[in-house]
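Letter by letter, the chains look like this.
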Amino acid sequence: MSGKDLISGNVSYDGGRLTFAGMDVGKIADEYGTPAYLYDENRIVDNCRMYKRAMKESFGEGSLPAYAGKAAAFGYMYKIMSREGMAADLVSIGELYTASAAGFDMKNAYFHGNAKTDEEISEALRLGVGCFVVDNPDELSVLDDMARKRGINQKILLRITPGIDPHTYEAVSTGKVDSKFGVPIATGQAAEFVKSALAAPNLTLIGYHCHVGSLVFDTESSVYTDAARIMLDFSRDMRELVGYAPEYISLGGGYGVRYVNSDPQVDIPKNIERLAEFMKCHSAEIGLPMPKVITEPGRSIVADAGMTVYTVGSVKNVKGYKTYVAVDGGMTDNPRYALYRSSYTVVPAIESDEKMICDVVGKCCESGDIIQPGVSLPASTRRGDRIAVLTTGAYNYSMASNYNRIPRPPVVMIKDGETTLAVRRETPADVAALDLMI
Ligand code: LLP
C-alpha cells in the first residue's frame, strides 16, 4: 500500500511505518496512549481556506462559510476557526459555552436548533450571538419576547424546508417536506412564518436558511442547485407577496468526503462555482437581487483531518466463520458504523504484505459494536499491535459516549512535526465525577 492509496493524502507509510501529517503514528500512540483521536491541524486550516476562497471568489464579498461545530466541537477547534476568520454554526448550550470560552467572537455565530430551550435562548442573547436560525413559530415568538425583555433587536434567519430528498441516508436527510426541521414551503406555512417574522418588533429578518442533508456527493451539483432554485423562487414569491427580499440565503452544510477509495471525490470549489453561476443567473431571470450566500460545512472541514489510533486487545478466529480483531475502543468513540453502517478505511501501524480479512470490533458489551467489517489487515496481527481508522475527524469525537463507563479518548493535534494535547483523556474518576453517591 502506498501513500496515494490512503484516501486523503496526509496518511502514508514511511519505511513500513504508518505516518499521519508527516508523523509516526506508533510513536504518537506510545506517547499519548490509545485509543486517541489525532488531528492534522494544517489540513483543517487548508480546508477552511479552500472554503473561504471559493465562497469569496464565486459569490463575492459578504458571502461566507460557517463551520458546523457539531462535526467536532472543542476549544482548540474554535481557536482555529477564530484565527481563520470562519463563522460558526452552533446548536446547543454546550457548543455556545465551548466556543465562547475559547474566545470565539459570538458576532460570527449562527445559533441553530429545533427545540432551543429558554435557557439556551437567553444564554445566546447574553453572549451576543450574531444571528439566530429560527426553526419554528414557537421559537419565533419566544425569541421576540426575550429580545424585547433585554431591550435588543436580534438578527434572524428563518429555517425553511425546501422539500428535497438529497438521497443520502435517512438519518441525515433534513430537507424533505415532513422533516422535523424548519417550516415547509409546500404547505404554505413558510409564507406565514415570514409574515410573522416581519411583524416581530424585536427581530430583524436577514434571510432564509435551508439544509437538505449531510454526506451529499453532489458531483453534478444538482442537490444544491435544486435547493437554491427553490429558495430563490420562494424569495421571489415572498417579495411579490410582502415586499421582502432576503439579504442572505444559507444553504446549510453537507458535502461528502471520501471514507473509502470507492467514494467519489467532490471538487468543492468547482461545485461552489457552479452553484454561484446558477444562482446569479436564476436571480437575474426572476428579477431578484442576488443575495449573499452562507454555507455551513462541518464534515468536509474536519473529516479528512482526523484519524483514530487503537491497540489490538484480542484476535479471535471462529473456525470456519470469521476472524475478529477487537480493539481498546469501539462504538463509544466511533458510533458511525453501528448507527449508519458507515464505511471506513482501517490500516495497520506497521505495513505487511500477508493479509487476512477480519471484522474490526470494539470492546463494548454489544454485538453491534463494530467499527468496520471485512477489513484487510496483516495476517500476523496480534494483541498489542496498533491499527488506525482513517477519516474520523467528523462526528466521531462529537458523538462519543461513555457507554459501559468507558472513558473517552484524548484529542491530539499535529502541526509541523509537533503534537499538542487539545483534549485530555478522560479518567474513570471523570466518568464518575457527577455521581453524588460515591
Ligand atoms: N448545517 C446544518 C443545519 C446541519 O444540520 C448540518 C449537519 C450541517 C450544517 C453540517 O453538515 P456537514 O457539512 O457536516 O455534512 N452524525 C451524522 C451527521 C449528522 C449531520 C447533521 N447536520 C454522521 O455522523 O454522519
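So, how was this worked out
- Residues numbered from 1 in each chain as written.
- Predicted model: local features only at pLDDT ≥ 70, side-chain atom pairs only at ≥ 80, totals over all residues.
- Heavy atoms only, no water.
- Helix = DSSP H or I, 4+ residues; strand = E, 2+ residues; numbered from the N terminus.
- Expected span 1.5 Å × (residues − 1).
- Buried < 20%, exposed > 50% of the residue type's maximum accessible area, 1.4 Å probe, protein only.
- Contact = heavy atoms within 4.5 Å.
- Polar contact = N/O pair within 3.5 Å; in protein donor to acceptor, adjacent residues only side chain to side chain.
- Axes fitted to C-alpha atoms, helices over the stretch in contact; angles between N-to-C directions.
- Parallel < 35°, antiparallel > 145°, perpendicular 65-115°, else oblique.
- Left-handed = near helix turned anticlockwise from the far one by under 90°.
- Salt bridge = Lys/Arg side-chain N within 4 Å of Asp/Glu carboxyl O.
- Nonpolar A, V, L, I, M, F, W, Y, C, P; charged D, E, K, R; others polar.

## Some remarks on helix H9 (residues 268–286)
Here is step 1: Over its 19 residues, H9 runs 27 Å from end to end, which matches the ideal 27 Å to within 8%, given 1.5 Å per residue.
Here is step 2: For H9, the set of buried residues is Ile 268, Asn 271, Ile 272, Leu 275, Ala 276, Phe 278, Met 279, His 282, Ser 283 and Ile 286.
Here is step 3: Residues of H9 that are buried in the fold lie against helix H2 (41–59), helix H8 (222–242), strand E13 (292–295) and helix H10 (299–302).
Here is step 4: Sitting at the amino-terminal end of H9 is Asp 267, which places a side-chain oxygen 3.2 Å from the backbone nitrogen of Lys 270.

## Focus: the side chain of Thr 345
Here is step 1: The topology assignment puts Thr 345 in the loop between helix H11 (336–340) and strand E16 (346–348).
Here is step 2: The class of Thr 345 is buried, set by a relative accessible area of 15%.
Here is step 3: Residues in contact with Thr 345, not counting those within four places in the same chain, are Ile 7, Tyr 259, Val 260, Ala 388, Val 389 and Leu 390.

## Considerations on H2
The periodicity of an α-helix, 3.6 residues per turn, causes residues three or four positions apart to be oriented the same way.
Here is step 1: In this model, H2 (19 residues) spans 27 Å end to end at C-alpha, consistent with the 27 Å of a helix rising 1.5 Å per residue.
Here is step 2: Residues of H2 that are buried: Glu 41, Arg 43, Ile 44, Val 45, Asn 47, Cys 48, Met 50, Tyr 51, Ala 54, Met 55, Ser 58 and Phe 59.
Here is step 3: Its side-chain oxygen at 3.2 Å from the backbone nitrogen of Asn 42, Asp 40 defines the N-terminal cap of H2.
Here is step 4: Of the residues one or two after H2, Gly 60 is the one with positive phi, at around 95 degrees.

## Looking at the packing of H2 against H9
Here is step 1: Between H2 and H9, the least distance of the axes is 9 Å, while the angle of their chain directions is 25 degrees. One way to sum up the angle between H2 and H9 is to call them roughly parallel. The chirality of how H2 crosses H9 is right-handed. Two secondary-structure elements touch here, H2 through Met 50, Tyr 51, Ala 54, Met 55, Ser 58 and Phe 59 and H9 through Ile 268, Pro 269, Ile 272, Glu 273, Leu 275, Ala 276, Met 279 and Lys 280.

## So, the pattern of salt bridges
Here is step 1: Within this structure, the stated rule accounts for 22 salt bridges.
Here is step 2: Notably, a salt bridge pairs Lys 116 with Glu 139, separated by 2.7 Å at the nearest N-O pair. With a gap of 23 residues between them, Lys 116 in the loop between strand E7 (109–111) and helix H5 (118–127) and Glu 139 in helix H6 (residues 137–150) connect regions that are remote in the sequence. The pair Lys 116 / Glu 139 is uniform in exposure class, with both members buried.
Here is step 3: A salt bridge links Glu 273 to Lys 270, with the nearest nitrogen and oxygen atoms 3.9 Å apart. Taken together, the residues span about one helical turn, with Glu 273 and Lys 270 both in helix H9 at a distance of three residues.
Here is step 4: The exposure class of Lys 270 is partly exposed, given its relative accessible area of 36%.
Here is step 5: Through salt bridges that share partners, Asp 145, Arg 148 and Lys 149 make up one connected network.

## Some words on the packing of H5 against H6
In a packed pair of helices, the relevant descriptors are the angle between the two axes and the axis-to-axis distance.
Here is step 1: Following both chains from N to C, one finds H5 and H6 inclined at 45 degrees, their axes separated by 10 Å at the closest point. In terms of orientation, H5 lies oblique with respect to H6. Viewed along their axes, H5 and H6 form a crossing whose handedness is right-handed. The residues of H6 that touch H5, namely those facing Asp 118, Ile 121, Ser 122, Leu 125 and Arg 126, are Val 142, Leu 143, Met 146, Ala 147 and Arg 150.
Here is step 2: In terms of residue class, the contact of H5 with H6 is made up of six nonpolar, one polar and three charged.

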